[in-house]
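# Fold and geometry: a report
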Protein chains: 2
Amino acid sequence: MVKEVNGMTLKAIGVVRNEIKQPSMFDSEEVVSEIVIDTNLTESLDNLDEFSHIIVLYWIHKATGQSPIKVHPMGKHNLPLKGVFATRSPNRPNPVGKATVRLLERQGNILKVKGLDAIDGSPVIDIKPYLPGYDSVARAKVPPWVSQR
Amino acid sequence: MVKEVNGMTLKAIGVVRNEIKQPSMFDSEEVVSEIVIDTNLTESLDNLDEFSHIIVLYWIHKATGQSPIKVHPMGKHNLPLKGVFATRSPNRPNPVGKATVRLLERQGNILKVKGLDAIDGSPVIDIKPYLPGYDSVARAKVPPWVSQR
């Protein structure tokens, strides 16, 4: 059933520009990026800057192309293997990343954001407004290995 | 620049099963769905049930195929038009939905979830664990029209 359904082909609506040139584990919290959106879609960004945070879906174009069934979480080999869907590993059946970032500024077709964990050149797939009541959970449980070093 | 980048084709990793058969504005909060994952990927779901909530990316297969530049938010024609990226309209350049849902149970290749706003038959693209520190924002601002009737 892992198959290509007709028409499930993505278009790049824009591209990420920042200082992170190579895939690696990096702390993206303080990274400022520009998301340069296709100028045909500039007006589709109207009203977005009324939100403080946005969700960015992007294509992890430097993923290995391999999607292991299990991975060491966060690349930490001292942690036991976990199912890839229980991790945020970039090497997954569909290498689509999802980040919630702070929208610092919109200038025409360019969004300046803080905290994006995509590297320079990543194709952008979608931009959505972050809606706290819909996108966040008050009391969510995670296993202890998530915060293990 | 809205273009097809080589290889940005999605595979369905599974399918949504629930009672919502037609696209419409519906309150998904109480809807229980099954996500049936390709049996080749069953073990990739291991450890997922250590999380209380998961993020589901899915293909909005009943989107119109049109992507207007501006839309009335939540289909409410009494609200002024907004840029499509400032809304969660299903009719967007790449019709990919993102939902954060409660994981009720995992049985083999089947995830039972609550709160998924995808309709029956939606192809599933990715499953990710919900990580509060990464996926949620403490003080996010939204414009008043988001909660307007």
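Because the structure is predicted, anything quoted here is derived from the model rather than measured.

## Brief notes about the relation of the copies chain A and chain B
The relation between the two copies of this chain is a rotation about an axis and a shift parallel to it. Rotating chain A by 180 degrees about the axis while translating it 0.0 Å along that axis superimposes it on chain B, leaving an RMSD of 0.0 Å. Interpreted geometrically, this transformation is the action of a two-fold axis. Proximity to the rotation axis, assessed at the C-alpha, singles out Thr9(A) in chain A; its C-alpha lies 2.1 Å from the axis. Interface overlap between copies is the fraction of interface residues in one copy that are interface residues in the other; for chain A against chain B it reaches 99%, indicating a shared surface.

## Quick notes on the sheet that holds strand β7 (residues 110–114) of chain B
Residue and element names in this part refer to chain B. With antiparallel pairing, the 6 strands of this closed barrel are ordered in space as β1-β2-β7-β6-β3-β8. On average, each strand axis in the sheet is tilted by 45 degrees relative to the strand beside it, whichever way the strands run. Note that strand β1 (residues 14–17) and strand β8 (residues 123–129) share 2 bridges and pair antiparallel. In the strand pairing of β8, Gly-14 is matched with Val-124.

## Points about the sheet that holds strand β7 (residues 110–114) of chain A
Residue and element names in this part refer to chain A. Strand order around the closed barrel formed by 6 strands is β1-β2-β7-β6-β3-β8, with antiparallel pairing between neighbours. On average, each strand axis in the sheet is inclined to that of its neighbour by 45 degrees, with strand direction left out of account. Bridge analysis of strand β1 (residues 14–17) against strand β2 (residues 32–37) gives 4 bridges, and the strand direction is antiparallel. Its bridge partner being in β2, Arg-17 is matched across the sheet by Glu-34.

## Notes on the packing of aromatic side chains
Taken as a whole, this structure holds 2 aromatic pairs over all chains when the rule is applied. Judged by centre distance (5.7 Å) and plane angle (85 degrees), the ring pair of Trp145(A) and Phe51(B) falls under edge-to-face. Of the two residues, Trp145(A) is situated in the segment after α1 (132–135) and Phe51(B) in the loop between β2 (32–37) and β3 (53–59); the pairing between them involves two chains. This pair shows no difference in class: Trp145(A) is buried, exactly as Phe51(B) is.

## A look at the interface of chain A and chain B
On the chain B side, the residues contacting the 71 residues of chain A number 70 residues. Area buried by chain A at its contact with chain B is led by Met8(A), Phe85(A) and Arg88(A), which between them contribute 12% of it. A salt bridge links Arg88(B) to Asp135(A), with the shortest nitrogen-to-oxygen separation between them at 2.8 Å. Across the chain A-chain B interface, the total number found is 40 residue pairs in polar contact (both at pLDDT 80 or more). Broken down by secondary-structure element, the contributors of at least two residues to the side of chain A that touches chain B are β1, β2, β3 (53–59), β5 (82–83), β6 (96–107), β8 (123–129) and α1 of chain A. Of the residues forming the side of chain A that touches chain B, the biggest block, 6 residues, is contributed by β8(A). Considered class by class, the residues forming the side of chain A that touches chain B number 39 nonpolar, 14 polar and 18 charged.

## Quick notes on the environment of Leu45(B)
Mapped onto the elements of the fold, Leu45(B) is located in the loop between β2 and β3. If sequence neighbours within four positions are ignored, Leu45(B) has contacts with Phe85(A), Ile37(B), Arg106(B), Gly108(B), Asn109(B) and Leu111(B).

## Details of the pattern of salt bridges
Counting across every chain of the model gives 18 salt bridges over all chains. For Asp46(B), the salt bridge is made with Lys70(A), and the minimal N-O distance between the two is 2.6 Å. With Asp46(B) in the loop between β2 and β3 and Lys70(A) in strand β4 (residues 70–71), this residue pair bridges two chains. Classification of Lys70(A) by relative accessible area gives partly exposed; the value is 27%. Across the pair Lys21(B) and Asp120(B) runs a salt bridge, and its minimum N-O distance is 3.3 Å. With a gap of 99 residues between them, Lys21(B) in the loop between β1 and β2 and Asp120(B) in the loop between β7 and β8 connect regions that are remote in the sequence. When salt bridges with common partners are traced through the structure, they connect Arg17(A), Lys21(A) and Asp120(A) into a single cluster.

Reading guide: rules and limits
- Here the residue numbering is sequential within each chain, running from 1 through the sequence in written order.
- Written order determines the labels here, with chains lettered from A and ligands numbered from 1.
- Only residues with pLDDT of 70 or above have their local features reported here, since the model is predicted, and side-chain atom pairs are shown and tallied only from 80 upward, although totals for entire chains, interfaces and linings are computed over all residues.
- Hydrogen atoms and water are omitted, and side-chain values are computed over all heavy atoms in the structure.
- Here the copies are superposed with least squares, the fitted atoms being C-alpha atoms of residues at a pLDDT of at least 70 in both.
- Working rule for contacts: check all heavy atoms of both residues, and any pair within 4.5 Å makes them a contact.
- At least two DSSP bridges between two strands are needed for those strands to be called paired.
- Under the scheme used here, helices are H or I runs from DSSP no shorter than 4 residues and strands are E runs no shorter than 2 residues, and both carry numbers assigned from the N terminus.
- Note on geometry: axes are C-alpha line fits, over the in-contact stretch for helices, and angles between N-to-C directions span 0 to 180 degrees.
- Two rings belonging to Phe, Tyr or Trp (six-membered ring only in the last case) form a pair when the distance between their centres is within 6.5 Å. Interplanar angles under 30 degrees mark stacking, angles over 60 mark edge-to-face geometry, and anything in between is tilted.
- The buried label goes to any residue with under 20% of its type's maximum accessible area, the exposed label to any with over 50%, and the partly exposed label to all in between, with areas taken from a 1.4 Å probe on protein chains only.
- Note: buried area is the sum, over both parts, of the accessible area (probe 1.4 Å) each one loses when the two are combined.
- By salt bridge we mean one thing: a side-chain nitrogen of Lys or Arg within 4 Å of a carboxyl oxygen of Asp or Glu.
- Polar contacts, as used here, are pairs of N or O atoms within 3.5 Å; protein pairs need one atom able to donate a hydrogen and one able to accept it. Residues neighboring in sequence count only if both atoms are side-chain atoms.
- Gly falls in the polar group here, along with every residue not listed as nonpolar (Ala, Val, Leu, Ile, Met, Phe, Trp, Tyr, Cys, Pro) or charged (Asp, Glu, Lys, Arg).

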